[in-house]
Amino acid sequence: MATDRTVAVVGAGIGGLSAAARLARAGYEVEVFEQNEVAGGKACEKRVSTPDGEFRWDCGPSLLTMPHFLEELFEECGEKLGDYLKLKPVSPTCRYFWQDGAVLDEDEEFWARPEVASYLDYARGVFQIGGDFHLRHAPGEWKRVLDPALWRSLKHLPKLASRKTMAQLHEQHFSDPHLRQLFDRFATYNGSDPSKTPSLFSIIPYTESQFGAWYPEGGMARIPEALVKLCVNLGVNLRFNRKIRELRRLNHRVVVCNGDIISACTHWLADAKRVIPLQKEDISCSAYILLLGVKKTFPKLAHHNIFFSGDYPAEFRDIFQHRKPASEPTLYVAITSRDQGADAPAGCENWFVMANAPANPMADFTGYAEVLLRRLGSMGVELKLSDIVCREVITPRDIRARDNSWEGSLYGWASHSLQTSMFRPPLRHPKWKNIFFVGGTTHPGGGIPLVLQSGAIVSQMVQHHYPAR
């Protein structure tokens, strides 16, 4: 049993900071190496000063679900989340628009609709049999399913093993095509195609309905800022502007890599042969993003908005089969200045406009900004060039460079099978046992709650195999 207490965490994303704080609390000497000037990884922000004033945008995650996982992290470290970060509920969670003029708000009334309530009852069973367990344990611990506490949930096991896709499940549950498309959209939370994503991912809308949507005062980047403060208070040594190119050369007993696992194994471990099977799987989509400073206000829009494509299957065929920008993309528009006036000057709005895009850094996005603006105009939200004070573009190529992500994908594997959904790339390297992985490309998956839990699980694994004593 090794007794060396030194741990290197490569990458100060939310998963890496989650592991670093827990390990420091457990008595390890933890150093965090981050290639950028600030922590957060994808949970970053952008500020631009203009003659009209300053605009601020979240450039990654745009809301927080399951905030209890964040609260648990601070409690485990002897602190209270509220002393570091203030969270506010967002309602409606999202406003949905269709080309036929239909508009739906995702709020308490929405979740109480009979068809929706029936669907949630089905999804509750999926969550009971596998959801919370999946989020708290490594895949190799499935023997714990014999725990008597889970026995009453075994009646839901067929749901977990169902061969239906999300799209097929929603076809069965909803007569309204608007509701089918709305719930299909939850597959994109992990960058996947609803016609290929297993129906077990009905737990995504279920958790959103049960735990709500939250937003931190000051923006999403305040979450990693709070984690950095927690780490510093626990004695973690954070080293920024330090890019690590070879994980095995670090002079630490344990290495925790908070980076895209395919990129790490290919470039930082010279281990491409072991990762080739991963590259044969579908990888998740990327994103094409416009950051717009808008000198105008749109009262009909909410904090979070979705403008749906008229042909959802064609959109995903473009992205995953043809690996090209969708000709008619679904658009997500986040306007945080709705809840935070400081994010845009008076009389202005900060628009984060995103379309799902292929994880293909060579894809041609020439003129695509105009495609997105025309799509918005066709749905009654028209922006003139004179309305746009400033504009920046983020493409899959930019995401690849910024986050070291494989081909610019947002979440590594797409969840297009039970294998890629339940058994993602491992948390521990199969050959170099002292190297562990956290983040959205490993278990349990992408999104802030899940990457927090990857840090929690890896912390437990490190303490078991390399105890600090």
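Let me begin by describing the structure that accompanies this report. Small disclaimer: the values here were computed from a predicted structure and weren't measured. (Residues numbered from 1 in each chain as written. Predicted model: local features only at pLDDT ≥ 70, side-chain atom pairs only at ≥ 80, totals over all residues. Heavy atoms only, no water.)

## Some points on the overall build of the chain
- For the chain, the helix and strand inventory stands at 17 helices and 16 strands.
- Among the 469 residues that make up the chain, the fraction classed as buried is 61%.
- Here the analysis covers contacts within the chain between residues at least 6 apart in sequence; of these, 76% occur between residues at least 24 apart.
- Summed over all atoms, the accessible surface of the chain reaches about 19,400 Å², with 50% contributed by carbon and sulfur.
- In the chain, the 55 positive side-chain charges and the 53 negative ones have mean positions that sit 7 Å from each other. (Helix = DSSP H or I, 4+ residues; strand = E, 2+ residues; numbered from the N terminus. Buried < 20%, exposed > 50% of the residue type's maximum accessible area, 1.4 Å probe, protein only. Contact = heavy atoms within 4.5 Å. Areas by Shrake-Rupley, 256 points an atom, 1.4 Å probe, with all protein chains shown as cover. Lys, Arg positive; Asp, Glu negative; His and termini not counted. Charge placed at Lys NZ, Arg CZ, Asp CG, Glu CD.)

## Digging into the environment of A12
- In this structure, A12 sits in the loop between β1 (6–10) and α1 (14–25).
- Looking at A12, the relative accessible area reads 0%, which means it is buried.
- Distance in space between the C-alpha atoms of A12 and G347 is 36 Å, their sequence separation being 335 residues.

## Focus: the packing of α1 against helix α10 (residues 222–233)
- Running from N to C, α1 and α10 cross one another at 25°; their axes reach a closest spacing of 9 Å. Between α1 and α10, the angle is such that the two are roughly parallel. In this structure, the crossing between α1 and α10 has a hand that is left-handed. For the pair formed by α1 and α10, the contact residues are I14, L17, A20 and A21 on the first element and I223, P224, L227, V228, L230 and C231 on the second.
- The residue makeup of the contact of α1 with α10, split by class, is 10 nonpolar, no polar and no charged. (Axes fitted to C-alpha atoms, helices over the stretch in contact; angles between N-to-C directions. Parallel < 35°, antiparallel > 145°, perpendicular 65-115°, else oblique. Left-handed = near helix turned anticlockwise from the far one by under 90°. Nonpolar A, V, L, I, M, F, W, Y, C, P; charged D, E, K, R; others polar.)

## Remarks on unusual backbone geometry
- Here the amide bond leading from S91 into P92 is cis, since omega sits at 0°, within 30 degrees of zero.
- Checked against the element boundaries, P92 lands in the loop between β5 (87–89) and β6 (95–97).
- H443 connects to P444 through a cis peptide bond whose omega is 5°.
- Within the secondary structure, P444 is located in the loop between β16 (435–437) and α17 (448–465).
- Phi angles above zero are rare outside glycine, and N404 is one such case at about 55°.
- Residue position: N404 is located in the loop between α15 (396–403) and α16 (418–422).
- Here the phi dihedral of E407 falls at roughly 60°; this positive angle occurs in a residue that is not glycine.

## Remarks on the nonpolar core
- Within the largest apolar cluster, 108 residues are counted, with the highest numbers of intra-cluster contacts made by V30, L70, L182, F183, I223 and V256.
- Once you skip the residues sitting within four places of it in the chain, L182 turns out to touch Y96, W98, L104, F110 and F308.
- L290, F298, V371 and L372 belong to the second-largest nonpolar core, a separate cluster that totals 28 residues. (Core = buried A, V, L, I, M, F, W, Y, C linked by side-chain atoms within 4.5 Å.)

## Re the sheet that holds β1
- Read across the sheet, five strands follow the order β9-β2-β1-β10-β16 without closing on themselves; strand pairing throughout is parallel. The open sheet has two free edges, formed respectively by β9 (237–240) and β16, since each of these has just one partner strand. Taking the axes of each pair of neighbouring strands and ignoring which way they run, one obtains an average angle of 20° across the sheet.
- Pairing geometry for strand β2 (residues 29–34) and β9, over four bridges, is parallel. Bridging across to β9, F33 finds its partner in R239. (Pairing = 2+ DSSP bridges.)

## Considerations on the packing of aromatic side chains
- What the rule picks out here adds up to 25 aromatic pairs.
- Ring centres 6.1 Å apart and planes at 70° place the aromatic pair Y332 and F352 in the edge-to-face group. Here Y332 is found in strand β13 (residues 331–334), whereas its partner F352 is found in strand β14 (residues 349–357), with 20 residues between them in sequence.
- Ring pairing ties together the aromatic residues F110, W111, Y119, F174, F183, F186 and Y189, which thus form one cluster. (Phe/Tyr/Trp six-rings, centres within 6.5 Å; stacked < 30°, edge-to-face > 60°.)

## Some thoughts on the side chain of S459
- Looking at where S459 falls in the secondary structure, it is placed in helix α17.
- Assessed through its relative accessible area of 1%, S459 is described here as buried.
- Of note is the side chain of S459, whose polar atom sits 3.0 Å from the side chain of Q463.
- Not counting residues up to four positions away in its chain, the partners in contact with S459 are R22 and L23. (Polar contact = N/O pair within 3.5 Å; in protein donor to acceptor, adjacent residues only side chain to side chain.)

## Some words on the pairing of β2
- Of all the six residues making up β2, five are buried; the element is thus mostly covered by neighbouring parts of the structure.
- In this structure, β1 lies alongside β2, joined through five bridges in parallel fashion. In the sheet register, V10 faces β2, and the bridge partner there is F33.
- For the segment spanning β1, α1 and β2, crossover handedness is right-handed. (Right-handed = clockwise from strand over helix to strand, strands pointing away.)

## So, the environment of M362
- Looking at the element boundaries, M362 is found in the loop between β14 and α14 (368–378).
- For the pair M362 and R323, spaced 39 residues apart in sequence, the C-alpha to C-alpha distance is 9.6 Å.

## Re the sheet that holds strand β12 (residues 304–307)
- Taken in spatial order, the seven strands line up as β7-β6-β12-β13-β14-β11-β15 in an open sheet, and their pairing is mixed. Lying at the two open borders of the sheet, with one neighbouring strand each, are β7 (103–105) and β15 (388–394). Neighbouring strand axes in the sheet, compared pairwise and without regard to direction, differ in orientation by 20° on average.
- Its contacts with the sheet place α14 against β11 (286–294), β12, β13, β14 and β15, and it is angled at close to 70° to β11.

## Considerations on the state of the cysteines
- Applying the stated criterion across every chain, the model contains zero disulfides.
- For the unlinked cysteine C44, the closest cysteine sulfur is that of C59, found at 4.8 Å.
- For the unlinked cysteine C285, the closest cysteine sulfur is that of C94, found at 16 Å. (Disulfide = S-S within 2.5 Å.)

## Considerations on α1
- Over its 12 residues, α1 runs 17 Å from end to end, which matches the ideal 16 Å to within 8%, given 1.5 Å per residue.
- Across the 12 residues of α1, 11 count as buried, placing the element largely inside the fold.
- If you check which residues of α1 are buried, you get I14, G15, G16, L17, S18, A19, A20, A21, R22, L23 and A24.
- Trailing α1 by a residue or two, G27 shows a phi angle of about 105°, which is positive. (Expected span 1.5 Å × (residues − 1).)

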